[in-house]
Amino acid sequence: MARPYASSGDCGRGQGGARWAMGFTSYMDIALDEARAAAARGEVPVGAVLVSPSGEVIARDGNRTRALSDPTGHAEILVLRAACAAAGSERLPDHDLWVTLEPCAMCAAAIAAARIRRVYYAAADPKSGGVAHGAKVFSHPQSHHAPEIYDGISAREAEALLKTFFATRRA
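As a starting point, this report considers the structure included with it. (Residues numbered from 1 in each chain as written. Predicted model: local features only at pLDDT ≥ 70, side-chain atom pairs only at ≥ 80, totals over all residues. Heavy atoms only, no water.)

Further remarks concern the layout of surface pockets. Of the volumes computed, that of the largest pocket is approximately 590 Å³. Together, 24 residues line the largest pocket, and Val44, Leu101, Asp125, Leu162 and Phe166 are the ones closest to its centre. Secondary structure elements with two or more residues in the lining of the largest pocket: helix H2 (65-68) and helix H5 (155-170). Sort the elements by how many residues they give to the lining of the largest pocket and H5 lands first, with six residues. Along the lines of polarity and charge, the residues of the lining of the largest pocket split into 11 nonpolar, four polar and nine charged. (1 Å grid on protein atoms, 1.4 Å probe; cavity = no way out; pocket = protein on both sides within 12 Å on 5 of 7 lines; lining within 4 Å. Points joined across faces, edges and corners; volume = space filled by probe spheres on them. Helix = DSSP H or I, 4+ residues; strand = E, 2+ residues; numbered from the N terminus. Nonpolar A, V, L, I, M, F, W, Y, C, P; charged D, E, K, R; others polar.)

The structure is reproduced here in structure tokens:
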């Protein structure tokens, strides 16, 4: 598992995301915007962005399980569906996924099936994660594809969104 990059708040912006020296662009700010929009809709604040090999944002969304009455309405699934439909293919090789929370086992399996190149996620999910925790889908011998994983990008911001959301629910 790769270690975290600097927070997106530490750098200038470019191409819809934060740009670091040597050409690395983060799209986590867009994913965080989608997470905030999900929270405003009463959904668990998770956002995702799918980026093409050329750096174009292909799809972006936040959780919509309640709005769609669909347990598979996770942000990752929604952006994969939209991008696959636009591409006319069930596979998206060389595409990168940015998500504010470690994907669950269901989302990780869909990411593997779509042949996503890299997954960048913010907050770890020790309770329901499927990448570094729990099922560890990409490490399983039956996984047909394992993307590169980069964790911890803007983790504090994503964790704060989740903590605030659940604290308000409990109050």
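A word on the state of the cysteines. This model, assessed by the stated rule, comprises zero disulfides. No disulfide involves Cys107; its nearest neighbouring cysteine sulfur is the one of Cys104, lying 3.7 Å away. (Disulfide = S-S within 2.5 Å.)

The sheet built from five strands is open, its strands ordered E5-E4-E6-E7-E8 with mixed pairing. Since the sheet does not close on itself, it has two edges, and those belong to strand E5 (57-62) and strand E8 (148-151), each with one partner. Going across the sheet, the axis of each strand differs from the next one's by a mean of 15°, ignoring polarity. Relative to strand E6 (residues 96-101), strand E4 (residues 47-51) is paired through four bridges, and the arrangement is antiparallel. In the sheet register, Leu50 faces E6, and the bridge partner there is Leu97. The strands touched by H5 are E6 and strand E7 (118-123); relative to E7, the strand with the most contacts, the crossing angle is about 55°. (Pairing = 2+ DSSP bridges. Axes fitted to C-alpha atoms, helices over the stretch in contact; angles between N-to-C directions. Contact = heavy atoms within 4.5 Å.)

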